[in-house]
Structure formats: C-alpha cells, structure tokens
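Next come the chains, spelled out residue by residue.
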Amino acid sequence: MALKDLFKSKRNHSNPDVRKTAAEKIVDEKILQEIILKDDNEAVRAAAVSNLSSASVLLDLVRNDEPEVMIVDLK
C-alpha cells in the first residue's frame, strides 16, 4: 500500500482488490457510473455493474454511446 492510499477513499485506492470491495458496497448510482466509465480494472468495473440497483444507468451509458465505456465480461 502506498502512503498516498491512506488519504484516498477506498474506491480510489491503488489496489484493485480494495477498489472492487468498495464498488460492491457503493449504492450511489453516479459513483458506480463513474467507476464503470473510468476504472481500468475489469473486476472493479464488473463489481460496479453488478451493484447497480437500476439498469437504467447502464442503459444510459449505452444509449449515449460513451466511448469511455469499457466492455465487462460478466461470465
């Protein structure tokens, strides 16, 4: 763990396992959407997608044709 991780929220931690655990606990749809769009780790993005309470957020990302959306394999 880097020293800078002590001052960051768990969703911004350098360790993807910590970010994944944080994404599994987040209920704020806007934060989950941000994780889906910006995180470079597939497992973290998948955790955010599976934690969405409404499919409408994911549908909005697809409908808006967001170029930043990274494909997530949920298998």
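Engineer: Even after reading the chapter, I still don't get the overall build of the protein, so can you show me in this structure?
Structural biologist: When helices and strands are counted, the protein shows four helices and zero strands. Ordered by position from N to C terminus, the α and β elements of the protein give α-α-α-α. Intrachain contacts of the protein at a sequence separation of at least 6 include 47% that bridge at least 24 residues. Counting only carbon and sulfur atoms, one obtains 54% of the accessible surface of the protein, whose full area is about 5,200 Å².

Engineer: Honestly, the side chain of Glu29 in this entry has me stumped. Any pointers?
Structural biologist: Counting through the fold element by element, Glu29 comes out in helix α2 (residues 29-38). Although Glu29 is buried, it makes no salt bridge; Lys30 carries the closest opposite charge, 9.5 Å away. If sequence neighbours within four positions are ignored, Glu29 has contacts with Leu52, Ser53, Ser54 and Val57.

Engineer: Just checking my understanding: could you explain the packing of α2 against helix α3 (residues 42-50) for this structure?
Structural biologist: Orientation of α2 relative to α3, taken along the N-to-C sense of each, is 150°, at an axis distance of 8 Å. Comparing the axis directions of α2 and α3 gives the class roughly antiparallel. As for how α2 packs across α3, the hand of that crossing is left-handed. Where α2 abuts α3, its residues Leu32, Ile35 and Ile36 lie against Val44, Arg45, Ala48 and Val49. The residue makeup of the contact of α2 with α3, split by class, is six nonpolar, no polar and one charged.

Engineer: Sorry if this is basic, but what is going on with the pattern of salt bridges here?
Structural biologist: Charged atoms that come close allow side chains of opposite charge to pair. Inspection of every chain in the model, using the stated rule, returns four salt bridges. Among the salt bridges present, the one from Arg11 reaches Glu34, with a minimum N-O distance of 3.6 Å. Here Glu34 lies in helix α2 and Arg11 lies in the segment before α1 (16-25), a separation of 23 residues in the sequence. When the shortest N-O distance is used, the salt bridge between Asp40 and Arg19 registers 3.5 Å. Of this pair, Asp40 sits in the loop between α2 and α3 while Arg19 is found in helix α1, placing the two residues 21 residues apart along the sequence. A cluster of three or more residues bridged by salt bridges with shared partners is formed by Arg19, Asp39 and Asp40.

Engineer: Looking at this structure, I do not really get the environment of Ser50. What am I missing?
Structural biologist: Mapped onto the elements of the fold, Ser50 is located in helix α3. A relative accessible area of 59% means that Ser50 is categorised as exposed. Spatially, the C-alpha atoms of Ser50 and Leu32 are 9.7 Å apart, while their sequence positions differ by 18 residues.

Thresholds, definitions, all that
Residues numbered from 1 in each chain as written. Predicted model: local features only at pLDDT ≥ 70, side-chain atom pairs only at ≥ 80, totals over all residues. Heavy atoms only, no water. Helix = DSSP H or I, 4+ residues; strand = E, 2+ residues; numbered from the N terminus. Contact = heavy atoms within 4.5 Å. Areas by Shrake-Rupley, 256 points an atom, 1.4 Å probe, with all protein chains shown as cover. Buried < 20%, exposed > 50% of the residue type's maximum accessible area, 1.4 Å probe, protein only. Lys, Arg positive; Asp, Glu negative; His and termini not counted. Salt bridge = Lys/Arg side-chain N within 4 Å of Asp/Glu carboxyl O. Axes fitted to C-alpha atoms, helices over the stretch in contact; angles between N-to-C directions. Parallel < 35°, antiparallel > 145°, perpendicular 65-115°, else oblique. Left-handed = near helix turned anticlockwise from the far one by under 90°. Nonpolar A, V, L, I, M, F, W, Y, C, P; charged D, E, K, R; others polar.

Take it as geometry only, folks, not as evidence of what the structure does.
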